[in-house]
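# Architecture and fold: a report
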Amino acid sequence: MELKQIIGLIGLGVLLLSCNNGDISDAYGQFEADKTTISSEASGILKSFEVKEGMKLETGQKVGQVDTTQLFLRKEELMASVRSIRSNIDKLTAQADVYKEQLKTAEQDLDRLISLKQNNAATQQQIDHAKGQVNVLQKQIVSVEVQKQSVYAELEAMRTRISQVEDQLQKAQIINPVEGMVLSSFAEPNELVSAGKPLYEIANLEEMELRVYISGAQLPNITLGQNVEVLIDKDAAVNEALKGTVSWIASEAEFTPRMIQTKEERVTQVYAVKVRVPNPDGKLKIGMPGEVNF
């Protein structure tokens with residue numbers, strides 16, 4: 001072998017050795033995202049359901065509808081009862097108006113008899129009879145007002161029941177509560193669903209979190225909001241560097257997760273750290289490995 005070849009091999013070996021020593025990152029982990037499971041709030045036939053895995057959904061977007069036929073009929077029945085109750089209130093109001101007019105007349109008659117009594121033109125018996133008539137009419141008016149209060153209470157109870165039905169009608173609509181991408185779908189149109197049944201799972205993948213574990217010795221050098229370097233596999237030999245921010249640091253130590261470290265290191269206590277990493281182009285995936293340099 002020529003001298004130049006020997007020198008070249010030695011140089012390559014030194015370069016590889018230095019690269020291997022520099023390839024060790026400060027922490028390792030996996031990417032994760034906050035998953036939200038969306039469940040049905042109503043029971044019935046799923047009349048429509050427009051959710052597929054990989055679909056991006058917006059906040060407030062309607063994605064499905066549970067059958068509301070029975071609820072609609074129940075609301076119509078309650079509305080008919082409300083109309084009947086209002087009719088009864090109108091009748092009682094008209095009756096009270098009649099009693100008030102009669103009371104006005106009776107009070108005028110009583111005043112006239114009292115005046116006549118002073119001139120000995122009316123008897124005490126006539127005055128007592130007029131007073132009795134006034135008292136009867138006053139009590140009848142009070143009785144009608146009590147009946148009206150009872151009917152008003154019945155009307156309020158009916159309105160509450162209508163509000164409950166309207167709330168159930170609203171819950172029969174499946175409204176997506178958070179922006180994100182559908183990870184899994186668990187239902188199909190025309191399927192019978194019940195309240196609480198999971199329909200789909202969604203997560204916002206525009207920003208991912210890399211959960212890594214650090215030792216107690218590394219902990220003092222890490223702070224919330226700290227900018228860090230995140231490495232992911234670009235190919236079999238090269239890493240791609242991304243920017244990340246420390247978003248959470250565990251307050252208590254835990255044993256090293258089995259899937260992260262070697263058998264000898266599993267008994268070591270470490271602290272979990274989350275690094276938030278923007279993911280606008282979707283290259284980061286849930287469960288994907290990553291490395292961090294603080």
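Above this text sits the structure in question.
Residues numbered from 1 in each chain as written. Predicted model: local features only at pLDDT ≥ 70, side-chain atom pairs only at ≥ 80, totals over all residues. Heavy atoms only, no water.

## Section: the overall build of the protein chain
Put simply, the test is: Numbering of helices and strands starts at the N terminus; helices are DSSP runs of H or I of at least 4 residues and strands are runs of E of at least 2. When a residue's accessible area, from a 1.4 Å probe over protein chains only, is under 20% of the maximum for its type it is buried; when over 50% it is exposed; and in between it is partly exposed. We call two residues in contact when some of their heavy atoms are within 4.5 Å. Surface exposure here means Shrake-Rupley accessible area, sampled with a 1.4 Å probe, where a residue is shielded only by the protein chains that are shown.
Along the backbone of the protein chain there are 3 helices and 15 strands. When each of the 294 residues of the protein chain is scored for burial, the buried share is 29%. Once local pairs closer than 6 in sequence are excluded, the contacts in the protein chain between residues at least 24 apart make up 74%. Total accessible area on the protein chain is roughly 18500 Å²; 52% of this is exposed by carbon and sulfur atoms.

## As for the packing of aromatic side chains
Defined as follows: Side-chain rings of Phe, Tyr and Trp (the six-membered ring for Trp) are treated as a pair once their centres are within 6.5 Å; stacked means planes under 30 degrees apart, edge-to-face means over 60, and tilted covers the remaining angles.
Within the structure shown, the criterion is met by 1 aromatic pair. On the numbers, 6.3 Å between centres and 50 degrees between planes, the contact of Phe49 with Tyr200 is tilted. Linking Phe49 in strand S3 (residues 44-49) with Tyr200 in strand S9 (residues 198-203), this pair joins segments that are 151 residues apart in sequence. Taken as a pair, Phe49 and Tyr200 share a single burial class, namely buried.

## Here we look at the pairing of strand S7 (residues 180-185)
For clarity, the threshold we go by: Between any two strands, at least two bridges found by DSSP are needed for them to pair.
Here 2 bridges tie strand S4 (residues 56-57) to S7, and the two strands are oriented antiparallel to one another. By the bridge assignment for S7, Lys56 is matched with Met181.

## Considerations on the sheet that holds S9
Here 4 strands make up an open sheet; going across it, the order is S2-S9-S7-S4 and the pairing antiparallel. A single partner strand is all that each edge strand has here, and the edge strands are strand S2 (35-39) and S4. Pairing geometry for S2 and S9, over 5 bridges, is antiparallel. Within S9, the residue paired with Ile38 across the bridge is Tyr200.

## Topic: the sheet that holds strand S6 (residues 173-175)
Picture the strands of a sheet paired through backbone hydrogen bonds; they go either parallel or antiparallel. Strand order in this open sheet of 4 strands is S6-S5-S3-S8, and the pairing throughout is antiparallel. The open sheet is flanked by S6 and strand S8 (192-193), the only strands paired with a single partner. Bridge count between S3 and strand S5 (residues 62-66): 3 bridges; the pairing is antiparallel. Within the sheet, the bridge partner assigned to Ser48 lies in S5 and is Gln65.

## Some details on the environment of Lys283
Along the chain, the position of Lys283 falls in the loop between strand S14 (269-278) and strand S15 (289-293). It is 10.0 Å that separates the C-alpha atoms of Lys283 and Glu206, two residues lying 77 residues apart in sequence. For Lys283, the residues in contact, after removing those within four places along its chain, are Ile232, Glu240 and Met288.

## Some thoughts on the pattern of salt bridges
A side chain with one charge can pair with a side chain of the opposite charge if their charged atoms come near. What counts, and what does not: Any Lys or Arg side-chain nitrogen located within 4 Å of an Asp or Glu carboxyl oxygen qualifies as a salt bridge.
A full pass over the atoms with the stated rule returns 14 salt bridges. The residue Lys171 makes a salt bridge to Asp167 at a minimum N-O spacing of 3.3 Å. With Lys171 and Asp167 both in helix H3 (residues 124-171), this residue pair falls 4 residues apart, about one helical turn. In this structure, the salt-bridge partner of Glu207 is Arg276, at a minimum N-O distance of 3.5 Å. Taken as a pair, Glu207 in strand S10 (residues 207-214) and Arg276 in strand S14 lie far apart in primary sequence, 69 residues in all.

## Considering unusual backbone geometry
With phi around 60 degrees, Asn120 is a residue other than glycine that occupies positive phi space. Assessed through its relative accessible area of 70%, Asn120 is described here as exposed.

## Quick look at the packing of helix H2 (residues 69-118) against H3
The line we're drawing: Throughout, an axis means a line fitted to C-alpha atoms (over the contacting stretch in the case of helices), and angles, computed between N-to-C directions, take values from 0 to 180 degrees. Every angle not falling under 35 degrees, over 145, or within 65 to 115 is termed oblique; those three ranges are roughly parallel, roughly antiparallel and roughly perpendicular. Take the far helix as the reference: if the near one is turned anticlockwise from it by less than a right angle, the crossing is left-handed, and if turned clockwise, right-handed. Throughout, the ten residues Ala, Val, Leu, Ile, Met, Phe, Trp, Tyr, Cys and Pro are labelled nonpolar, Asp, Glu, Lys and Arg are labelled charged, and all others, Gly among them, are labelled polar.
Between H2 and H3, whose axes approach to 8 Å, the crossing angle comes to 165 degrees. By the angle class used here, H2 and H3 are roughly antiparallel. Here H2 and H3 pass one another in a crossing that is left-handed. Its residues assigned to classes, the contact of H2 with H3 shows 28 nonpolar, 11 polar and 13 charged.

## Quick word on the environment of Lys56
One can find Lys56 in strand S4. Relative accessible area serves as the criterion here: at 45%, Lys56 is assigned to the partly exposed category. Distance in space between the C-alpha atoms of Lys56 and Leu205 is 9.9 Å, their sequence separation being 149 residues.

## With respect to the side chain of Glu201
To keep things clear, this is the line we draw: By the counting scheme adopted, Arg and Lys are positive, Glu and Asp are negative, and His together with the chain ends is not counted.
One can find Glu201 in strand S9. Within the buried core, Glu201 has no salt-bridge partner, and the shortest N-O distance to an opposite charge, that of Lys35, equals 4.6 Å. For Glu201, the residues in contact, after removing those within four places along its chain, are Lys35, Thr36, Thr37, Met181, Val182, Leu183, Ser184 and Phe186.

## Points about the side chain of Glu209
Counted only if it meets this: The definition of a polar contact used here is a pair of N or O atoms within 3.5 Å, where within protein one atom must be able to donate a hydrogen and the other to accept one, and adjacent residues in sequence count solely through side-chain atom pairs.
Assignment of secondary structure puts Glu209 in strand S10. Side-chain polar atoms of Glu209 contact the side chain of Ser247, separated by 3.4 Å.

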